[in-house]
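# Overview (structure and organization)
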Amino acid sequence: MTQIVDAHHHLWDLAVRDQGWTRAEALRPLRRSFLLSDFQPQARAAGVTRTVVVQTVTVAEETPELLTLCAGSDLVAGVVGWTDLTAVDVADRLHALKEGHGGSHLVGIRHQVQSEPDPDWLLRPDVQHGLRTIQDAGLVYDLVITPWQLPAAIRAAAALPGLVFVLDHLAKPPVATGQVDPWARHLRELAQLPNVVAKLSGLVTEADWSRWTPHDLQPFMDIALEAFGVDRLMFGSDWPVCTLAAEYDVVVSGARALTSGLSADERTALFAATATRVYRI
């Protein structure tokens, strides 16, 4: 059985901090704490050996908390955190995170670009400065965007060829409708840039939560495989958000089924080697 690096999951404790984005009625099942003690048994049972935990809120205190958690875990190997890219002292903030407790586990930075009303937010001069600072710090940048923001992401990644961009959730394609274009066209254009990799993550929650099947995901998975290749794709569960549509073991087994036609070496790349190399874990 191929060992797995889960390159994308979340953890939060509502006793420490509210997760305001879960207040929508459809997200009610997520309105509780999801702790490492909840996650770890499921990950171990699925054959996961290392993970990357990803920020959920734009609150500066969250990242040091995740780094401290990571420092005490033999499962969580890396943290994709958050800091304000537009801050004039963004370099100092990144330095403080890296020098703080567990700072060696900081592997990347993310911002909820999907929530920004400006479609060209990534191209703003202050954001571009922040992205260059991430590059200078030796970190990667996780892109959480929707299909309509792909054109700006293409331009941003092209403008910063020295920064590795990691596309979360394949930019959230419209799996529920099955309509691949214009998402596929833009994804292929983004994939032409060698400094961009992508995560096969979050697709089940872009499908019909109650009626999805692996067959619904296959066209989008195939397009990503053709565009990026296994050496620039990595698996992520998006737990616990995935539980809106599927439990952890179902997400993992579904990913295995969808990639069963790959060779052993290709599966190793997709499920472990790409994430290990990109995040240096």
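These figures come from a predicted structure and were not determined experimentally. (Residues numbered from 1 in each chain as written. Predicted model: local features only at pLDDT ≥ 70, side-chain atom pairs only at ≥ 80, totals over all residues. Heavy atoms only, no water.)

Now for the packing of aromatic side chains. Counted according to the given criterion, the structure contains eight aromatic pairs. Look at Trp 12 and Trp 21: their rings are 5.4 Å apart centre to centre, the planes differ by 80°, and that puts the pair in the edge-to-face class. The buried category is assigned to Trp 12, whose relative accessible area is 4%. Among the aromatic side chains, those forming a connected cluster through ring pairs are Trp 12, Trp 21, Phe 34, Phe 39, Trp 239 and Tyr 248. The cationic tip of Arg 256 hangs over the ring face of Phe 271; the distance from NZ or CZ to the ring centre is 5.9 Å. (Phe/Tyr/Trp six-rings, centres within 6.5 Å; stacked < 30°, edge-to-face > 60°. Buried < 20%, exposed > 50% of the residue type's maximum accessible area, 1.4 Å probe, protein only. Lys NZ or Arg CZ within 6 Å of the ring centre and 35° of its normal.)

Using the criterion set out here, one finds one cavity of 30 Å³ or more in the structure. One number sums up the size of the largest cavity: a volume of about 140 Å³. Every residue lining the largest cavity is counted, 15 residues in all, and those nearest its centre are Leu 200, Val 204, Leu 217, Val 251 and Ala 255. Secondary-structure elements contributing two or more residues to the lining of the largest cavity are α7 (214-228) and α8 (248-258). For the lining of the largest cavity, the element with the highest residue contribution is α8, accounting for four residues. Per-class residue counts for the lining of the largest cavity are ten nonpolar, five polar and no charged. (1 Å grid on protein atoms, 1.4 Å probe; cavity = no way out; pocket = protein on both sides within 12 Å on 5 of 7 lines; lining within 4 Å. Points joined across faces, edges and corners; volume = space filled by probe spheres on them. Helix = DSSP H or I, 4+ residues; strand = E, 2+ residues; numbered from the N terminus. Nonpolar A, V, L, I, M, F, W, Y, C, P; charged D, E, K, R; others polar.)

One pass over the full model with this rule turns up twelve salt bridges. A salt bridge links Arg 17 to Glu 65; its shortest N-O distance comes to 2.9 Å. Of this pair, Arg 17 sits in the loop between β1 (4-9) and α1 (36-45) while Glu 65 sits in helix α2 (residues 62-71), and the two are 48 residues apart along the sequence. A cluster of three or more residues bridged by salt bridges with shared partners is formed by Arg 110, Asp 142, Asp 168 and Lys 199. (Salt bridge = Lys/Arg side-chain N within 4 Å of Asp/Glu carboxyl O.)

Here the focus is the nonpolar core. The biggest cluster of nonpolar side chains holds 86 residues, and the ones touching the most others in it are Leu 122, Leu 131, Ile 134, Tyr 141, Phe 165, Trp 183 and Leu 270. The element that contributes the greatest number of residues to this core is α7, accounting for eight residues. In this structure, Val 107, Ala 272, Tyr 279 and Ile 281 belong to the second largest nonpolar core, which totals 16 residues. (Core = buried A, V, L, I, M, F, W, Y, C linked by side-chain atoms within 4.5 Å.)

Let us now look at the sheet that holds β1. Sheet architecture is open: eight strands sit in the order β1-β2-β3-β4-β5-β6-β7-β8, paired in parallel fashion. On the outer flanks of this sheet lie β1 and β8 (233-235), each paired with one strand and no other. Across the sheet, the mean angle separating the axes of adjacent strands is 25° when strand polarity is ignored. Both strand β2 (residues 48-54) and strand β3 (residues 76-81) contribute to a ladder of four bridges, which runs parallel. Each residue of the ladder has a partner; that of Thr 51, found in β3, is Val 76. Contacting β1, β2, β3, β4 (106-111), β5 (140-143), β6 (165-167), β7 (196-200) and β8, helix α9 (residues 264-279) runs over the sheet at an angle of about 110° to β8. (Pairing = 2+ DSSP bridges. Axes fitted to C-alpha atoms, helices over the stretch in contact; angles between N-to-C directions. Contact = heavy atoms within 4.5 Å.)

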